[in-house]
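Here's the letter readout for the chains.
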Amino acid sequence: MSVERATKSGFALEAQQKVHNKYDEVLGNQLLSWIALTTGEVMDTSGSMENFVALLKDGTALCKLANALSPGEVKKVNQSKMAFKQMENISFFLQFAEKHVAKSELFQTVDLYEEQDPNAVLICLSSLARKSEKLFGKPGLGPKEAAGEKRQWTEEQLRAGDSIIGLQMGSNKGANASGINMGNTRHM
């Protein structure tokens, strides 16, 4: 049994359509294929939003993904068809993802379960897929993240900038108080 929301209309419908229009079917297809490859599960990897949400909605595929990437991460995967148990599975996955993905790339349970923002789910999963090889030694998806370059500065190089006044600080060249009418009224 799923929770039914009132049919959206007006501004709410427009907002919902904008959110749903951001969904990328190609990326959805790639992510479902990556999940199937990583977990060893056989699934329909069609990237349509309806298929994407239907496959991930109960949270079992997400929990299996978490356990495939980091064994034993999700202790108990609920097989129940009850809504709160399925949402609990999604929550278990989000607890796992929170350790590896930036907070701004996470989604909320309702984004997936109630199909509020499937694009947020795409963002979270693609971020996890990008980091998969580096963090878990499993094949990933998408471009590898930059590792950053550590720079070493000498004390002399660090002190060299102390004597320079940046242009952002402005200049007081030619500054005076002319034109300021302190206490004077304007005469007409």
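Predicted model only: the values in this text are computed from it and were never measured.

Draft legend 1. Local environment of the overall build of the chain. For the chain, the helix and strand inventory stands at eight helices and zero strands. Along its sequence from the N terminus, the chain presents helices and strands in the succession α-α-α-α-α-α-α-α. In the chain, which comprises 188 residues, the proportion classed as buried is 32%. For the chain, long-range pairs separated by at least 24 residues make up 57% of all intrachain contacts whose partners lie at least 6 apart in sequence.

Draft legend 2. Looking closely at the pattern of salt bridges. Under the defined criterion, the tally for this structure stands at seven salt bridges. A salt bridge links Lys85 to Glu88; its shortest N-O distance comes to 3.8 Å. Of this pair, Lys85 and Glu88 both sit in helix α5 (residues 83–98), three residues apart, which is roughly one turn of that helix. Ionic pairing is found between Glu105 and Arg130, a salt bridge with its closest N-O pair at 3.4 Å. Residue Glu105 is found in the loop between α5 and α6 (109–113), and its partner Arg130 is found in helix α7 (residues 118–136); the two are separated by 25 residues along the sequence. One network of salt bridges, with partners in common, ties together Glu155, Arg159 and Asp162.

Draft legend 3. Summary view of the packing of aromatic side chains. Summed over all chains, the structure comprises four aromatic pairs. Clustering of aromatic rings is evident, with ring pairs tying together Phe93, Phe96, Phe107 and Phe136. In this structure, Lys57 packs its charged tip against the face of Tyr113, placed 4.8 Å from the ring centre.

Draft legend 4. Fine view of the packing of helix α2 (residues 25–39) against helix α3 (residues 49–56). For the pair α2 and α3, interaxial distance at closest approach is 10 Å and the crossing angle is 30°. Classified by the angle between their axes, α2 and α3 sit roughly parallel to one another. The two elements α2 and α3 meet at a crossing, and its hand is left-handed. Along its contact with α2, which presents Gly28, Leu32 and Ile35, the element α3 presents Asn51, Phe52, Leu55 and Leu56.

The rules we used
- Residues numbered from 1 in each chain as written.
- Predicted model: local features only at pLDDT ≥ 70, side-chain atom pairs only at ≥ 80, totals over all residues.
- Heavy atoms only, no water.
- Helix = DSSP H or I, 4+ residues; strand = E, 2+ residues; numbered from the N terminus.
- Buried < 20%, exposed > 50% of the residue type's maximum accessible area, 1.4 Å probe, protein only.
- Contact = heavy atoms within 4.5 Å.
- Salt bridge = Lys/Arg side-chain N within 4 Å of Asp/Glu carboxyl O.
- Phe/Tyr/Trp six-rings, centres within 6.5 Å; stacked < 30°, edge-to-face > 60°.
- Lys NZ or Arg CZ within 6 Å of the ring centre and 35° of its normal.
- Axes fitted to C-alpha atoms, helices over the stretch in contact; angles between N-to-C directions.
- Parallel < 35°, antiparallel > 145°, perpendicular 65-115°, else oblique.
- Left-handed = near helix turned anticlockwise from the far one by under 90°.

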